[in-house]
Amino acid sequence: PERPDDQPFTEPWQARAFALAVVAAERMDVPWDEFRDRLKAAIAERPDQPYYESWMDALERLVAELAPA
């Protein structure tokens, strides 16, 4: 669907999810391509799921797998 003023996010939580992924990848020294690959895998697993829900799935997996305990 069209977004007013060509905004990349339709909900505030989507912008926060994007920012969280950027910061998490930077702080864990994860190349952005690795996050992108995880996102593609999350989308492939559940193609009918909304995009930013797949984004959150990818972020949660990244943090669960790579964050120090």
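Scroll up a little and you will see the structure.
For every chain, the first residue of the written sequence is number 1, and numbering continues from 1 onward in sequence order. Owing to the predicted nature of the model, reporting of local features is limited to residues with pLDDT of at least 70; listing and counting of side-chain atom pairs is limited to 80 or more, with chain, interface and lining totals taken over all residues. With hydrogens and water set aside, each side-chain value is computed from the structure's full complement of heavy atoms.

## What to know about unusual backbone geometry
Heads up, the condition is: What counts as a helix is a DSSP run of H or I of at least four residues, what counts as a strand is a run of E of at least two, and both are numbered from the N terminus.
The residue D29 is not glycine, and still its phi comes out positive at about 55°. Considering the arrangement of structural elements, one finds D29 in the loop between α1 (12–27) and α2 (32–45).

## Some remarks on the side chain of D57
Inclusion rule: The criterion used for residue contact is that any of the two residues' heavy atoms lie within 4.5 Å.
One can find D57 in helix α3 (residues 51–66). Among residues more than four places away in sequence, those in contact with D57 are A42, R46 and Q49.

## Focus on the packing of α1 against α3
Definition in use: Throughout, an axis means a line fitted to C-alpha atoms (over the contacting stretch in the case of helices), and angles, computed between N-to-C directions, take values from 0 to 180 degrees. Orientation labels follow simple angle bins: below 35 degrees gives roughly parallel, above 145 gives roughly antiparallel, 65 to 115 gives roughly perpendicular, and whatever is left gives oblique. Each helix crossing is assigned a hand: it is left-handed if the near helix lies turned anticlockwise from the far helix by less than a right angle, otherwise right-handed if that turn is clockwise. By the convention adopted, Pro, Cys, Tyr, Trp, Phe, Met, Ile, Leu, Val and Ala count as nonpolar, Lys, Arg, Asp and Glu as charged, and the other residues, Gly among them, as polar.
In contact at an axis separation of 10 Å, α1 and α3 are set at 30° when each is read in the N-to-C sense. As the angle between them shows, α1 and α3 are arranged roughly parallel. With respect to the hand of their crossing, α1 and α3 are arranged in left-handed fashion. Of the residues in α3, those touching α1 at W13, Q14, A17, F18, L20, A21 and A24 are Y52, E53, W55, M56, L59 and V63. Split by residue class, the contact of α1 with α3 holds 11 nonpolar, one polar and one charged.

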